[in-house]
Amino acid sequence: MLYPRPASTPFADVCWSCRIRIAGQQRGLSEIVTARHLSPFIPGSRPKFRLNALGLQALTRQSFHASQFRPRASVVAATTDPSSLSTPDSLPLHARTSPTRKALQRWQDEYGGPNEDDLRAFPNHPASGETSNNLARMNFPGKSDDDFNEPFDNDEDEMITIGLFLKPGDVVELRMQSREPVLAAFVQDLQSVSQFYTATGKWCHTNLQNIRFAIPGCIDPALVKPIIPYLPTKLDTLDIKRAMHVPLALGAPVLSILERLTNQSEDIYRGNAHVLDSAYSTLADQTRTRMMTLTQIAKTLLGRNDPAWKPSPPALLAVRKALMHNEFRFRSDYRSQRLTNVFAIRPKGEVEVIEAVRDWVRQYLEHEAQRTTQTIPNSSFKAQNPPEAVTYIAQFIEKARRLIARSRELRDPLEGFVGPCKARLAHKEKSPAMHITWGEEFSTTDKQIITFLQAWVLMMQFHNIPSLQSAGVALLQATGCYEKYNKFRDRLDKMNMSTGHLFLQEIGVITPYENRILHDESLMLPTVRLSRNLELLTTKAELTRRQPDFRDSMAELRRDWGAMNVYCIDNPGSKEIDDGLSIEKVQGKKSDYWIHVHIANPTAFFDKTHVLSGLAAHMTESVYVPERSFPMLPTWVTQNYFSLDRNRPVLTFSTRVDLAGNILETKIQPGIIRQVIHVSPVEVAEILGEQPLASVRTFVVGGEIPDSYKTQPRKQLPPSQVQELRDFYTVARSLWERRKAAGGIRGATMLAEPHVFAKPGRKGLDWAPPSTDRARYIHGDPIIELRSQLGRRTLNQDLDATNITEEMMILAGHAAASWCAVRGIPVMFRGTIEMPRRPGVLSLDEFKEKILQPYLDRDAEISPLLLLQYLQAVGRAITHTSPIVHKMIGVESYLKITSPLRRFSDMISHWQIEAALRHEARTGKKFSADEVQNAARPILPFSHRQVQESIITLSPRENLITKTKKISNLFWATQAFMRAFYFKEAELPKTFKVWVKKTKENFLMVETIIIELGVTVHLERLNEDMRVGDEWEVEIYFVSAFLKEIFARPIRLVERPTWTLS
């Protein structure tokens, strides 16, 4: 349906489906985007949403740009020396004196140069302020990938690693859907995107995370520099139809190198086609997923058993081409591919099942087409017995129809999700217990089809593979159950992954509240059926349970902490207690204290080759989501041996500090703790006279939260222990003031924290993997509670008693980093690095001096806009093998060492530190990495190179796990709102007040947070001027459980902050 275009709208009518399809932020692998204005939403209208894999489609796509007559010219530019390009003087005399040429030259001189509008996006262009006639217009030939997207939310605060930024002259591979990759040279960073000059003579922009392969230092930056003035830098003013390109003579040297790389890689591919085209059969295992780097694959395929052979960049490009032609068989994680170059080679058995089901669907469709032909008069078609494949699909479809009908008796279907159980709603039961009934069994071929659908919907394995995607859609269409199925909205314009997700729920394979993000293959959790390596490691670890062969390598060095109080400050129900705190005053120094941070010490009892180490490396971190947890180490290991309690081993990081926040002395020593006191952060705050729960707001659907969970009896401590807590608080405040003066900033989520209950008094849900043996119907639904800070709109930069542990952990991390740095020990140091400077952008020091400090002098709270600006000035957090300043925290160096039961990188640090401690005890002098580097046997378990490799491997997984936690919280918050909004399980006001968290130029949606509940809402921009920090009154009109998104329309602007950054 088309709606009239408002008079102010700069382009033609667009249907709602297309608007929503382009309304989010494209994060797909082949995204190449450019800023462009689109029509605003029309108030009061209800759009039809086109659901995608992970979010809404992009509003703005920067595409390749080129002259309308570029293709032929670009070949000349790439293959010809610039000095040999034709000039007017080099033309024949008759050509130079032709009347036609003279007329064209006069027209070009008068009209051919760029005008003021053309140059607005090209401020560095030589023609800015004067006329130039050597540029041509550009067209818009780019095609974008509209099948896969990241969620709208993309907070850029994730840890990234070595190779953070590209440098001018680095060559990258750009991918587009259904096209061969294009090589391009990196030119510069612009705002939030990077700019490239491609082998076809086109400039383009894309986010750095979309680059999957790069060749560092391939082109001399001096060759790139001359083209920079001819590239756009002001993207918000860029008009694609009037955009300009680089003169051929200037771009030719870069194009020549890019073409030479392309040609060399093509030559290698053609010369080894028989090997490269059969790469999968050579490399794949029948039952096990193999992990190999691109270099390892190239050596195996092209090295001809020569161990000294190393692949050249063209050889790597040729091998990548072969792998990407078989994208399903060779899986790569686009989020970290540029850094790791790791491919997962799927087992042959898995590939055989997927390809068999695809062929079954094809045969089924052909058979149905032939049946239709049979009904046509005079048709020559003769009825035949259907092949077995057709029978498999037909029987599955009939069974699916029966199961769907049964499901709809229990639950209403929504877009991409089923609603809550009808029986519970009808009876108005407050807190029903969830239970299961079983339906029809699935046959062997049914299971194969279900495996195919799971690969498509849950694991998203079919990205950019149309033949597999279309087979999934064909199965859904064949059921005839999804033409019109949503009682709250009209049907979708076309079926896609969201419909497939609903289908799997309705046939009883996945739960009605399935959290899809947990099925991400790269997480390698038990939820992923094909995580064979994890199964093997878990089995081997279980075999060591009876006789775990733990031997304390630090036994002779342990200090017995005796009667010293150790405070383990953790939330109730915490299963892995990693850390505890002790404090003692320094005799004769009233303002000096020793702070002892005691950390669990599993690494002293098994080395890096132990099966538990392999399991921990595989998991990388414990994963905590509202419905359950996935521990890095088996529960029997942590609970029975290493989680902090009386008489447990620890590695203690001791720091002497004064009340000015100065660190006076640092030491590390293994020990044993005896006197352990468990207390929660809330209890500590209440003991010290604060009321942390006074500002907490809760929102509940599905039942009532038991009182035993809400109000735990408070612990009573003797006066001496209360005084120690007061001393902790005093020291924590002084440490924070010191960090704040160094530019440190306190971070706190403004979003609600979801809690999920299977039934009253039982937090979390039982593990319910996909049911592939028979249909499973779950009666009842989880209770969901959202807890948020009431009305939080700013980040308070003052410290309260619940932050004591946080401050002490930072102290320990800083002390450990300093200790390792002095000794030259390679570990995974954490820090920040500024982004490449852009014109007109303040440096971090300038920002702190001119903006941040004056603001903090006036106010103890940081506004959202100021926080955003500051984080941009600070740069990005990175991991490195050498110490680096962490400006966001406000310390000279930082190392994560406080969670060895939950994070593998902490285990690496502990192994390194323990080896150095043993060496110092044995030799009687301070460890020095330089002095021992030529030792007969390595002193440290990990060399510098191995730590660097660990960074490249672990950092992307740490990012993924962090993102998984965020998305899981968002999923359960959206689930709660879906049940309240559509099924009235909780009362919602007609309107909400939200504050604007994030805006992006030319995007139809802005990201906001409900002030009272801390839930993310996407707000239509319309023609309104919306700014970060604004408070708006809004009305919710659509909740998508599949997209994990809530959408609202603005009603009125309530308040606009009066502060500015000037």
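Conventions we followed
- Residues numbered from 1 in each chain as written.
- Predicted model: local features only at pLDDT ≥ 70, side-chain atom pairs only at ≥ 80, totals over all residues.
- Heavy atoms only, no water.
- Helix = DSSP H or I, 4+ residues; strand = E, 2+ residues; numbered from the N terminus.
- Contact = heavy atoms within 4.5 Å.
- Areas by Shrake-Rupley, 256 points an atom, 1.4 Å probe, with all protein chains shown as cover.
- Expected span 1.5 Å × (residues − 1).
- Buried < 20%, exposed > 50% of the residue type's maximum accessible area, 1.4 Å probe, protein only.
- Salt bridge = Lys/Arg side-chain N within 4 Å of Asp/Glu carboxyl O.
- Phe/Tyr/Trp six-rings, centres within 6.5 Å; stacked < 30°, edge-to-face > 60°.
- Lys NZ or Arg CZ within 6 Å of the ring centre and 35° of its normal.
- Polar contact = N/O pair within 3.5 Å; in protein donor to acceptor, adjacent residues only side chain to side chain.
- Axes fitted to C-alpha atoms, helices over the stretch in contact; angles between N-to-C directions.
- Parallel < 35°, antiparallel > 145°, perpendicular 65-115°, else oblique.
- Pairing = 2+ DSSP bridges.
- pLDDT = per-residue confidence, 0-100.
- Left-handed = near helix turned anticlockwise from the far one by under 90°.

For the protein, an unreviewed UniProt entry supplies the name RNB-domain-containing protein and the organism Lindgomyces ingoldianus.

Colleague: Even after reading the chapter, I still don't get the overall build of the protein, so can you show me in this structure?
Modeller: Each helix and strand in the protein was counted, giving 30 helices and 37 strands. Contacts spanning at least 24 positions in sequence make up 76% of the contacts within the protein whose residues lie at least 6 apart. Surface summary for the protein: the accessible area is close to 45,900 Å², and the carbon and sulfur share equals 50%.

Colleague: So what exactly am I meant to see when it comes to helix 11 (residues 313-324) here?
Modeller: Note: α-helices contain 3.6 residues per turn, so residues at a spacing of three or four share the same orientation. An ideal rise of 1.5 Å per residue puts 16 Å on 12 residues; helix 11 measures up with 16 Å between its terminal C-alpha atoms. With respect to burial, helix 11 is a largely interior element, 11 of its 12 residues being buried. Listed as buried for helix 11 are Pro 314, Ala 315, Leu 316, Leu 317, Ala 318, Val 319, Arg 320, Lys 321, Ala 322, Leu 323 and Met 324.

Colleague: What exactly am I supposed to notice about the pattern of salt bridges here?
Modeller: Pairing between side chains of opposite charge can happen when their charged atoms approach one another. Taken as a whole and judged by the stated rule, the model has 46 salt bridges. As a salt-bridge pair, Asp 560 and Arg 674 come within 2.8 Å of each other at their nearest N and O atoms. One end of the pair, Asp 560, is in strand 14 (residues 559-560); the other, Arg 674, is in the loop between strand 21 (663-673) and strand 22 (675-679), with 114 residues separating them in the sequence. The partly exposed category is assigned to Arg 674, whose relative accessible area is 30%. Several salt bridges converge on common partners, so that one network encompasses Arg 331, Arg 346, Glu 350 and Glu 521.

Colleague: Just checking my understanding: could you explain the packing of aromatic side chains for this structure?
Modeller: One pair of aromatic rings is described through two measures. These are the centre distance and the angle between the planes. The final tally for this structure, using the stated rule, is 25 aromatic pairs. Where Phe 904 meets Trp 911, the ring centres are 6.0 Å apart and the plane angle is 70°; that geometry is what we call edge-to-face. Judged on exposure class, the residue Phe 904 and its partner Trp 911 are both buried. Feature note: the residues Phe 550, Phe 605, Phe 606, Trp 636, Tyr 641 and Phe 642 constitute an aromatic cluster, connected by ring pairs. The ring of Phe 942 has Lys 608 lying over it, and the distance from NZ or CZ to the ring centre is 4.6 Å.

Colleague: Looking at this structure, how should I read the environment of Thr 282?
Modeller: Structurally, Thr 282 is set in helix 9 (residues 279-283). Measuring from C-alpha to C-alpha, the distance between Thr 282 and Leu 301 comes to 8.2 Å, with 19 residues separating the pair along the chain. Within the local environment of Thr 282, its side chain forms a polar contact with the backbone oxygen of Ser 278, the two atoms lying 3.1 Å apart.

Colleague: When you look at helix 18 (residues 497-506) in this model, what are you seeing that I'm missing?
Modeller: Most of helix 18 is tucked away: 10 of the 10 residues are buried. Within helix 18, burial applies to Met 497, Ser 498, Thr 499, Gly 500, His 501, Leu 502, Phe 503, Leu 504, Gln 505 and Glu 506. Elements that come into contact with the buried residues of helix 18 comprise helix 14 (388-410), strand 11 (411-413), strand 12 (418-421), helix 16 (444-457), helix 17 (466-479) and strand 26 (774-779). The first or second residue beyond helix 18 is Gly 508, which carries a positive phi of 80°.

Colleague: Just to check I follow, could you spell out the packing of helix 28 (residues 904-923) against helix 30 (residues 944-983) for this structure?
Modeller: Viewed as axis vectors pointing N to C, helix 28 and helix 30 meet at an angle of 155°, and their least axial separation amounts to 10 Å. By the criterion of interaxial angle, the relationship of helix 28 to helix 30 is roughly antiparallel. Here helix 28 contributes Phe 904, Ser 905, Ile 908 and Gln 912 to the contact with helix 30, which in turn contributes Val 947, Ser 950, Leu 954 and Glu 958.

Colleague: Looking at this structure, how should I read the pairing of strand 35 (residues 1016-1020)?
Modeller: On any regular strand, side chains alternate: one points to one face of the sheet, the next to the other face. A large share of strand 35 lies buried, amounting to five of its five residues. Following strand 34 (residues 1005-1010), the chain reverses through five residues before pairing antiparallel with strand 35; Gly 1014 in that reversal takes a positive phi of roughly 70°. Note: strand 35 against strand 37 (residues 1045-1055), two bridges, orientation parallel. In the strand pairing of strand 37, Leu 1019 is matched with Ala 1048.

Colleague: How do you make sense of the sheet that holds strand 4 (residues 182-190) when you look at a structure like this?
Modeller: The strands that make up a sheet pair up through hydrogen bonds in the backbone, lying either parallel or antiparallel. Pairing is antiparallel in the open sheet, where five strands are placed in the order 6-5-4-3-7. Edge positions in the open sheet fall to strand 6 (203-206) and strand 7 (214-215), since each of these has one partner strand only. Where strand 5 (residues 193-198) and strand 6 come together, four bridges link them in antiparallel fashion. Looking across to strand 6, one finds that Phe 196 is bridged to Cys 204.

Colleague: Is there a simple way to think about the side chain of Arg 346 in this case?
Modeller: Here Arg 346 lies in the loop between strand 10 (342-345) and helix 13 (348-374). On the basis of relative accessibility, which here comes to 4%, the residue Arg 346 falls in the buried class. A distance of 2.7 Å separates the side chain of Arg 346 from the side chain of Glu 521, its partner in a polar contact. Not counting residues within four places of it along the chain, the set of residues in contact with Arg 346 comprises Tyr 280, Ala 284, Asp 285, Phe 328, Arg 329, Arg 331, Val 351, Gln 461 and Glu 521.

Colleague: Looking at this structure, how should I read the sheet that holds strand 29 (residues 829-833)?
Modeller: Here three strands make up an open sheet; going across it, the order is 31-29-32 and the pairing antiparallel. The open sheet has two free edges, formed respectively by strand 31 (876-880) and strand 32 (894-895), since each of these has just one partner strand. Pairing of strand 29 with strand 32, which is carried by two bridges, proceeds in the antiparallel orientation. The partner of Phe 829 across the bridge, within strand 32, is Leu 895.

Colleague: Just checking my understanding: could you explain the confidence of the model for the protein for this structure?
Modeller: Low pLDDT marks stretches whose predicted atomic positions should not be read closely. Per-residue confidence for the protein gives a mean pLDDT of 80; residues scoring 70 or more make up 77%. Across residues 1-87 the pLDDT falls below 50, and counting only partners more than four positions away or on other chains, this stretch makes 279 contacts in the model. Low confidence marks residues 129-162, where pLDDT is under 50. Its contacts with residues over four positions away, or in another chain, come to 148 contacts.

Colleague: Would you take a moment to explain the packing of helix 7 (residues 248-271) against helix 11 for this structure?
Modeller: For any two helices packed against each other, one specifies the crossing angle of their axes together with the interaxial distance. One way to put it is that helix 7 packs onto helix 11 with a least axis distance of 8 Å and a crossing angle of 60°. With respect to helix 11, the element helix 7 is oriented oblique. Regarding helix 7 and helix 11, the two cross each other, and that crossing is right-handed. Across the interface between the two elements, Leu 261, Gln 264, Ser 265, Glu 266, Ile 268 and Tyr 269 from helix 7 touch Pro 313, Pro 314, Ala 315, Leu 317, Ala 318, Lys 321 and Ala 322 from helix 11.

Colleague: Would you mind showing me how to read the pairing of strand 24 (residues 753-759) here?
Modeller: Counting buried positions over the seven residues of strand 24 gives five, a clear majority of the element. Pairing of strand 24 with strand 27 (residues 783-789) involves five bridges; the strand directions are antiparallel. Residue pairing in the sheet places Phe 757 in a bridge with Ile 783 of strand 27.

Colleague: It is not clear to me how the environment of Lys 848 should be interpreted in this structure. Could you clarify?
Modeller: Among the secondary structure elements, Lys 848 is positioned in helix 26 (residues 844-858). Overall, the relative accessible area of 24% leaves Lys 848 in the partly exposed class. Residues Lys 848 and Gly 743 lie 105 residues apart in sequence; the distance between their C-alpha atoms is 7.4 Å. With sequence-adjacent residues up to four places away left out, Lys 848 is seen in contact with Ala 742, Gly 743, Gln 853, Pro 854 and Tyr 870.

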